[in-house]
Every structure is written in structure tokens, then in C-alpha cells.
4 protein chains.
Amino acid sequence: MQAFTLDQADRIIDAALDKARETGCMPLTVAVLDAGGHLLALKREDGSGILRPQIAQAKAWGVLGMGLGGRALAARAAAVPAFFTALSSISEGRMAPVAGGVLVRNSNGDVIGAVGISGDVSDKDEVCAVHGIESAGLKADTGLETP
Amino acid sequence: MQAFTLDQADRIIDAALDKARETGCMPLTVAVLDAGGHLLALKREDGSGILRPQIAQAKAWGVLGMGLGGRALAARAAAVPAFFTALSSISEGRMAPVAGGVLVRNSNGDVIGAVGISGDVSDKDEVCAVHGIESAGLKADTGLETP
Amino acid sequence: MQAFTLDQADRIIDAALDKARETGCMPLTVAVLDAGGHLLALKREDGSGILRPQIAQAKAWGVLGMGLGGRALAARAAAVPAFFTALSSISEGRMAPVAGGVLVRNSNGDVIGAVGISGDVSDKDEVCAVHGIESAGLKADTGLETP
Amino acid sequence: MQAFTLDQADRIIDAALDKARETGCMPLTVAVLDAGGHLLALKREDGSGILRPQIAQAKAWGVLGMGLGGRALAARAAAVPAFFTALSSISEGRMAPVAGGVLVRNSNGDVIGAVGISGDVSDKDEVCAVHGIESAGLKADTGLETP
């Protein structure tokens, strides 16, 4: 019962990478996870560092783990650093609390997965993720309005 | 020799979740551990994030690990962060030093287990944990009075 | 977007434990995971060993990881032991290829989660899991007919 | 200096999945790694199990780790099982010694990466991997002729 299809994940990645080339980003890695935090699709551009696949997945995994977009996670990590140090271990290194991890919601607002991008500064990574998600007709939740 | 029964754990979880619905909490996950730090029972409400079972268990495990309620752990983590970073590794990612982890004591004051709740802000998580423990006729130790 | 509700998981566990008491099983631990392999609910009966929560979860996780019921996994593990030794590491200790791990399917045949039971011999564990799943109006896939 | 481009990896995956649909395979996951064992691209078809991304990567990683195709690894694992149990730990769970892991060689015969496919029986997985690699104008080394 997989609500988030490979076809949608493909379209997200390709649109995100188009945006990256258009805006002159550094070489990016884009990961798309389903709601359970499992990889649906990933692409690493030529020249993107060898840890980028793990970082991109960790940005996406973190927002699913907590149910909050990457900006909300980054704000909380700044407020309670000891808890986020613990979360890093609790999650067995699966979460990176920083912009560039974006929840993917369907038309009902349900979380169906997440996108994580790594390679440039977090703000530019996030712009590409949002563009990819919206290009596939889905809603991007960056955690910007989350209290 | 298991002093803390599944029946008691069940009652704690159900009362904690009743409180959560009554007070409009975000979707919660509630974990109950025995004195050895091993899971007796857990429930994750619909919509509670995928890392919440680990966080709830880590809140409960942490208070057992140190023999101090979650508020006392949070205060110490703020005072000596490097030590708690080390504890995170020492415990192999088993502890989250934050409110919402509550020791369960019997009528003699002996620790028989712990409850951990995750999903809303820590203060609201803790209120539900205390309510659950007291509903089962046991004593809740949040670490509030611990020096 | 959680198709498998806590209410369903609760009913599965309670029916499975009723069956266990009726058939004189050793003390059991029952775990119910969603389709992403994340814990929805767990109960450990009084006297059930301290590793049982991990084993019950690993039985359920393994069937989700491979998309095959526990009996099919056990047959494959006997045929290609070196591959299953590798899978144990690949999954970071998350899978136990043995009867007692049962896929939960909805009326369309889609996998919506899994149940794992540990505590008695695997055949008796499995009977309780199947009974629990069917009591909740869902379909149990033990991997018996899988080629 | 990345000899193996994302464009090549993309073509391999898309051709492998075309072959899978043409030959009625179970839902597959295809992973392409560079010569350093790092993920270049991955796609998981709808319905492919949640551990499949790890297994596909482990098939590819194993052939790079030993410099031998998956069939050669499987033969050795059957001959010296204790050594492969050790390799599983030595590699920290990164290798699956089974058909479906295929080395990718350029026109000079140099290894530039590897493909791993998981989801159907190993023989069918391998056919798709070989087809994908050859469709991208590269050489597939399954370990068949390796002594």
C-alpha cells in the first residue's frame, strides 16, 4: 500500500535537478523517501560528494521521524541542543535537523513521504526540493510556519 | 520476578491517552518499561511520527539509566552538556534527557519501571505520563524535586 | 497517511493474547508494525523474556523487509544460509526469518503492516498471530503458499 | 574524478526496469554505485519491499568489495561459509554475496562501478542488471567466468 509512487518520486527529482542547474547550484544529491522513511529514488549529480547520499536521506528521514519540516527541526535543535544530540544517537544517525528536508503532503494534507537535498547551502537545497515537490502536483512542508 | 505487570502498564497507557485526547495533545506515543529498561507495552496514536517509539522509549530508559526523573536529567544536561553527549554514546543511543520521562514507584517508593511519552511539547507529554501512572495507583517521579 | 490504525493494532494484540491463554501458550510478546516497519503497539505478558520485544519486532520487520511471510523466509533461509547471514547484517539485526512473522493485508490484498509474536514455539506463536489478524477483519499472510 | 556519470547510471536503471516489466519480474529495486561504492542512483518500484534498497546496494557493494561478480561471490560463500559470515561483519553489513550484483567495466576493462538488483529470484535480477549495463554501452561482469 504505497501511496507515493516511483513515478512521482522521479518527477520530483528531475524537476529539482532542473531547478538546480537553472540557479547555478553546486552538484546536488536528491533523495525521496516514502512515509516509512524508506528510499524510493535517489540521484547524485556528477561531482557531488560521497557522503551526500547519506546526508540527503538524513534530511528527509529527520522530518519524517519527528513529523516536522527541516526549518522547524533546525529551530528546535538550536533551542535544545542536548536533546538533538541525543536524537542523533536515538535515530542511529538517521536524522539531520536542517533546512533541505521537506515533508511531502498530498491534497488531504497527509504526509506521504519526504525529500532531502544536500550539496549547496541549505537555503538553496530547500528551494530545489520545494520546486520538485510542487512540480509533481504535491504540497511541500518546510516547517516554516510550524510553531 | 516482575513487579510491574502488563495489566498495570495497560492501564497507564490507556489513561495517558485519554488525558491526551481530553487536553488536545498532538498525536502521542506512550512507552512503559520495566525496572530493567525492557518494553512492557507501547501504543503509537495515528499520525505520531515514525521516530516517536524510539524517543518515548529513550525518555523512559534515560530516567531508569540514571535513577532520576526527566526534569532532573534535563537540568543536568543543560549544566554539563559534554557529559550528556558522552552518555548518549555510553547508553548506545538509549537515553533522551528531557521532560516526559517519568519514574514509576510503588507504595514503598521503590522504582518498578518508567513511562516515556513523545509527540507534543515535553510539558504536555509529562502531564499525560503522570496522569497515567497515578490512574494505575502508582507514584510518578518527574525529577522535579530531585536536587 | 496511516492506513493501519492503532485501534486495529489493539484488537489484533488483544485477540492474539486471548488465543494464547486459551491454548496454554508460554508467556508471549506481540508486536504490530505499520507498513514502514515502525511500531504501532506492543504488549509483553508477565514472565515473557527481556529479549522478546526485539524478537517479536524482528519477526514482523523481516516479513515487511522482504515482502514475504515468515514461513517463506524460513524456507529460503534454509536453502541459502549465507545470504540470510548477510541479511542479518544488512538489516542491522532487524530481521528474524522464522514462523511467527505474519504480513497483514487489507481487503485489496495490499500489505498494511505485520505482526510478530515470540515466546512459545514458532508454530504456536503463528497461530496466535493469525487469529489476532483475522479477529480484526484483516487478512493474514504467513508465507505458506508463497513459492 | 568520476568516470561513471549520473547520465549513464540513469540509462542503466531505466533499461533494467524496462527489461523487468517485459519479463514479468516481481517489483524490483535497482542501485548503481560508483567505483568507490557510493550510491549514484537508485529506483524502487511500487510494491518492492522496504529492505530492498539495502539489499540492492549490498549486492553491488559486495562485488566492488571483493572485485568479483556476484556469481563468483555466491560460489565462494557456499565453499567457505565461515569466511563470508566474517565478511558480513568486516564490511559492516555492506555485502550480499549472491547473483544480481554485477561489476560495470568500461571499454578498457576497468571497473567503474557496480549494479545491484533485488526483488525477484537472483537469476532474473541479474538478467535485468546485465541488460541495463549493456544498454548504456558498458560491459557487465557477473563473475560467471571468474575462477
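Residue indices begin from 1 for each chain and proceed along its sequence in written order. The lettering of chains begins at A and the numbering of ligands begins at 1, in the order of writing. Restriction of local features to residues with pLDDT of at least 70 applies here, the model being predicted, together with a cutoff of 80 or more for giving and counting side-chain atom pairs; totals for whole chains, interfaces and linings are based on all residues. To obtain the side-chain values, all non-hydrogen atoms of the structure were included, while hydrogens and water were left out.

- As recorded by an unreviewed UniProt entry, chain A carries the name Heme-binding protein and is attributed to Polaromonas aquatica.

1. Description of the relation of the copies chain B and chain A
- The copies were overlaid with a least-squares fit restricted to C-alpha atoms from residues scoring a pLDDT of at least 70 in each copy. Note on the identical chains: chain B maps onto chain A by a rotation of 86° and an axial translation of 0.2 Å, with an RMSD of 0.1 Å. Look at the turn and shift together and you get a four-fold axis relating the two. Considering only C-alpha atoms, the part of chain B nearest the rotation axis is B:T85, at 4.7 Å.
- Note on definitions: a residue-residue contact is assigned when non-hydrogen atoms from the two residues lie within 4.5 Å. The overlap is low: 13% of the interface residues of chain B also sit at the interface in chain A, so different surfaces are used on the two sides.

2. A closer look at the relation of the copies chain D and chain A
- For the pair chain D and chain A, the relating rotation is 180°, the translation along its axis is 0.0 Å, and the fit reaches an RMSD of 0.1 Å. Taken together, the rotation and translation relating the two chain copies correspond to the operation of a two-fold axis. Identified as the residue of chain D closest to the rotation axis by C-alpha distance is D:L42, at 2.6 Å.
- The residues that chain D uses at the interface reappear at the interface of chain A in 100% of cases, marking a shared surface.

3. Re the pairing of strand β1 (residues 29-34) of chain D
Residues and elements named next belong to chain D.
- Among the six residues in β1, six count as buried, and that is most of the element.
- For every residue, the accessible area obtained with a 1.4 Å probe (protein chains only) is divided by the maximum for its type, and the residue is called buried under 20%, exposed over 50%, and partly exposed between those limits. Every helix listed is a DSSP run of H or I at least four residues long, and every strand listed is a run of E at least two residues long, numbered separately from the N terminus. Side-chain alternation along β1 places T29, A31 and L33 on one buried face and V30, V32 and D34 on a second face that is also buried.
- Note: β1 against strand β2 (residues 39-44), five bridges, orientation antiparallel. By the bridge assignment for β2, V30 is matched with K43.
- The pairing criterion for strands is at least two bridges between them, as found by DSSP. Here β1 folds back onto β2, and the loop between the two strands holds four residues, one of which, G37, carries a positive phi near 85°.
- In the sheet, β1 pairs with strand β4 (residues 111-118) via six bridges, with the strands oriented antiparallel. Note that in β4 the partner of D34 across the bridge is G113.

4. A closer look at unusual backbone geometry
- At C:E92, a residue that is not glycine, the phi angle is positive and equals roughly 55°.
- Inspection of the secondary structure puts C:E92 in the loop between α4 (81-90) and β3 (101-105).

5. As for the interface of chain B and chain A
- Across the contact, 15 residues belong to chain B and 16 residues belong to chain A.
- Each of two parts loses accessible area, computed with a 1.4 Å probe, when they are put together; buried area is these two losses added. In total, about 1300 Å² of surface goes out of reach between chain B and chain A, with carbon and sulfur atoms giving 73% of it.
- Area buried by chain B at its contact with chain A is led by B:I50, B:L51 and B:R52, which between them contribute 42% of it.
- Every case where a carboxyl oxygen of Asp or Glu lies within 4 Å of a side-chain nitrogen of Lys or Arg is listed as a salt bridge. Linking chain B with chain A are zero salt bridges, by the criterion used here.
- At the level of secondary structure, the elements contributing two or more residues to the side of chain B that touches chain A comprise α2 (52-66) and α4 (81-90) of chain B.
- By residue number, the principal contributor to the side of chain B that touches chain A is α2(B), which donates four residues.
- Within the side of chain B that touches chain A, the residues separate by chemical class into nine nonpolar, five polar and one charged. Basically, the charged four are Asp, Glu, Lys and Arg, the nonpolar ten are Ala, Val, Leu, Ile, Met, Phe, Trp, Tyr, Cys and Pro, and anything else, Gly included, counts as polar.

6. Section: a nonpolar patch on the surface
- Where nonpolar side chains cluster on the molecular surface, the patch consists of D:M66, D:V80 and D:F83 and spans about 240 Å² of accessible area.
- With respect to the element layout, D:F83 can be found in helix α4 (residues 81-90). Residues enter patches when they are more than 30% accessible in relative terms and free of salt bridges; like-charged ones are connected within 9 Å and nonpolar ones (Val, Leu, Ile, Met, Phe, Trp, Tyr) within 5 Å. Under the convention used here, a 1.4 Å probe and the Shrake-Rupley method define accessible areas, while residue burial counts only the protein chains that appear.

7. With respect to the interface of chain D and chain A
- On the chain A side, the residues contacting the 19 residues of chain D number 19 residues.
- Overall, the association of chain D and chain A removes approximately 1600 Å² of surface from exposure, summing both partners, and the carbon and sulfur fraction of that is 48%.
- Taking the shortest distance from any N to any O, the salt bridge between A:D10 and D:K43 comes out at 3.1 Å.
- Counting only elements with at least two residues in the side of chain D that touches chain A, the list comes to α1 (6-22) and β2 of chain D.
- Here the side of chain D that touches chain A gets six residues from one element, more than from any other, and that element is β2(D).
- Bridging between strand β2 (residues 39-44) of chain A and β2(D) involves three bridges; their strand directions are antiparallel. By the bridge assignment for β2(D), A:L42 is matched with D:L42.

8. Some thoughts on the pattern of salt bridges
- For the structure shown, the criterion picks out 42 salt bridges over all chains.
- Linking C:R71 and C:E126 is a salt bridge whose minimum nitrogen-to-oxygen distance equals 2.8 Å. Of this pair, C:R71 sits in helix α3 (residues 70-79) while C:E126 sits in helix α5 (residues 122-135), placing them 55 residues apart in sequence.
- With a closest N to O distance of 2.9 Å, D:R105 and D:D141 form a salt bridge. Linking D:R105 in strand β3 (residues 101-105) with D:D141 in strand β5 (residues 139-141), this pair joins segments that are 36 residues apart in sequence.
- The class of D:R105 is partly exposed, set by a relative accessible area of 23%.
- A residue is classified by how much of its surface remains accessible, and D:D141, at 15% relative accessible area, is buried.
- Via salt bridges that share partners, A:D10, D:D14 and D:K43 belong to a single interconnected network.

9. Re the packing of α1(D) against helix α5 (residues 122-135) of chain D
Residue and element names in this part refer to chain D.
- Axis separation between α1 and α5 bottoms out at 7 Å; the angle between their running directions is 135°. What the angle tells us is that α1 and α5 run oblique. Where α1 crosses over α5, the handedness of that crossing is right-handed. Contacts between α1 and α5 involve I12, A15, A16, K19 and A20 on the former and, on the latter, V127, C128, H131, G132, I133 and S135.
- Class assignment for the residues of the contact of α1 with α5 results in seven nonpolar, three polar and one charged. Working convention: axes come from line fits to C-alpha atoms, limited for helices to the stretch in contact. Angles between N-to-C directions cover 0 to 180 degrees. To sort the angles, those under 35 degrees are grouped as roughly parallel, those over 145 as roughly antiparallel, those from 65 to 115 as roughly perpendicular, and the leftovers as oblique. Each helix crossing is assigned a hand: it is left-handed if the near helix lies turned anticlockwise from the far helix by less than a right angle, otherwise right-handed if that turn is clockwise.

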